[in-house]
Amino acid sequence: MMATTVATPVTPTESDQGRSVSEEEPRGNEADEESQQTGPVASVTHSRVSKLPLARIKALMKADPDVSLASQESVFIIAKATELFVEMIAKDSLVYAQQGKRKTLQRKDLDNAIEAIDEFAFLEGTLD
């Protein structure tokens, strides 16, 4: 049996005004749980969760002659994997920028991260 939550407007009472904001945080978590559904509703939430334009990713996928069709789920997974990859290489490159006392990533920071980290070995020579 699934528990249902009903949101009803409540006016704060004197005893409620002493509550901290952190006590109200679980409400936001419930919304996060609802956005991780599966089925027809999940496909609607993909575009909200992705930071990259899914239509462009689908077009890039279809540019490969071996790909004739790409499901919405596969496009979303490629988008999410791309986001995680960019985040990882950016964070690793930031370490080198910070060593140089800078906040801005430069090409040399990316080069250093690619050279130093084995997971990025496949990128060696791509920035030349």
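Our subject is the structure that appears above.
Below is a short write-up of the structure. Just so you know, the residues in each chain are numbered from 1, in the order the chain's sequence is written. Thresholds applied to this predicted model are a pLDDT of at least 70 for local features of residues and 80 or more for the giving and counting of side-chain atom pairs; totals over whole chains, interfaces and linings are not thresholded and use all residues. Derived side-chain values reflect all non-hydrogen atoms in the structure, with water molecules and hydrogen atoms excluded from consideration.

1. Considerations on the overall build of the protein chain
For step 1, the next point in the chain: Secondary structure is summarised from DSSP: a helix means a run of H or I of at least four residues, a strand means a run of E of at least two, and numbering begins at the N terminus for each. A count of helical and extended segments in the protein chain gives five helices and zero strands.
For step 2, the next point in the chain: The cut-offs for exposure are 20% and 50% of the maximum accessible area for each residue type, with area from a 1.4 Å probe on protein chains only; residues under the lower value are buried, those over the upper are exposed, and the others partly exposed. Of all 128 residues assigned to the protein chain, the portion counted as buried reaches 17%.
For step 3, the next point in the chain: We call two residues contacting when some pair of their heavy atoms lies within 4.5 Å. The contacts of the protein chain with a sequence gap of at least 6 include a subset with a gap of at least 24, amounting to 33%.
For step 4, the next point in the chain: By element, 56% of the accessible surface of the protein chain is carried by carbon and sulfur atoms, the whole surface being about 10500 Å². Here, Shrake-Rupley sampling with a 1.4 Å probe gives the accessible areas, and only protein chains in the shown set may cover a residue.

2. Let's talk about the environment of Val49
For step 1, the next point in the chain: Take Val49: it is sitting in helix 2 (residues 40-49).
For step 2, the next point in the chain: By relative accessible area, Val49 is classed as partly exposed at 37%.
For step 3, the next point in the chain: Considered as a pair, Val49 and Lys80 are 31 residues apart in the sequence and their alpha carbons are 8.8 Å apart.
For step 4, the next point in the chain: Discounting chain neighbours no more than four positions away, the residues touching Val49 are Phe76 and Lys80.

3. What about the side chain of Asp109?
For step 1, the next point in the chain: Tracing the backbone through its elements, the reader meets Asp109 in helix 5 (residues 107-116).
For step 2, the next point in the chain: The exposure class assigned to Asp109 is buried, which follows from its relative accessible area of 1%.
For step 3, the next point in the chain: A polar side-chain atom of Asp109 sits 3.5 Å from the main-chain amide nitrogen of Ala97.
For step 4, the next point in the chain: Among all residues touching Asp109, those that are not within four sequence positions of it are Ser93, Tyr96, Ala97, Arg102 and Thr104. Here a polar contact means two N or O atoms within 3.5 Å. Within protein one must be a hydrogen donor candidate and the other an acceptor candidate, and residues neighboring in sequence count only if both atoms are side-chain atoms.

4. Describing helix 4 (residues 72-99)
For step 1, the next point in the chain: Take the number of residues in a helix, subtract one, and multiply by 1.5 Å to get its expected span. Helix length check: helix 4, at 28 residues, gives a terminal C-alpha distance of 41 Å against a target of 40 Å (1.5 Å per residue), a fit within 8%.
For step 2, the next point in the chain: Of all the residues in helix 4, the buried ones are Val75, Phe76, Ala79, Glu83, Ile89, Ser93 and Ala97.
For step 3, the next point in the chain: Positive backbone phi, approximately 60°, marks Lys101, located one or two places after helix 4.

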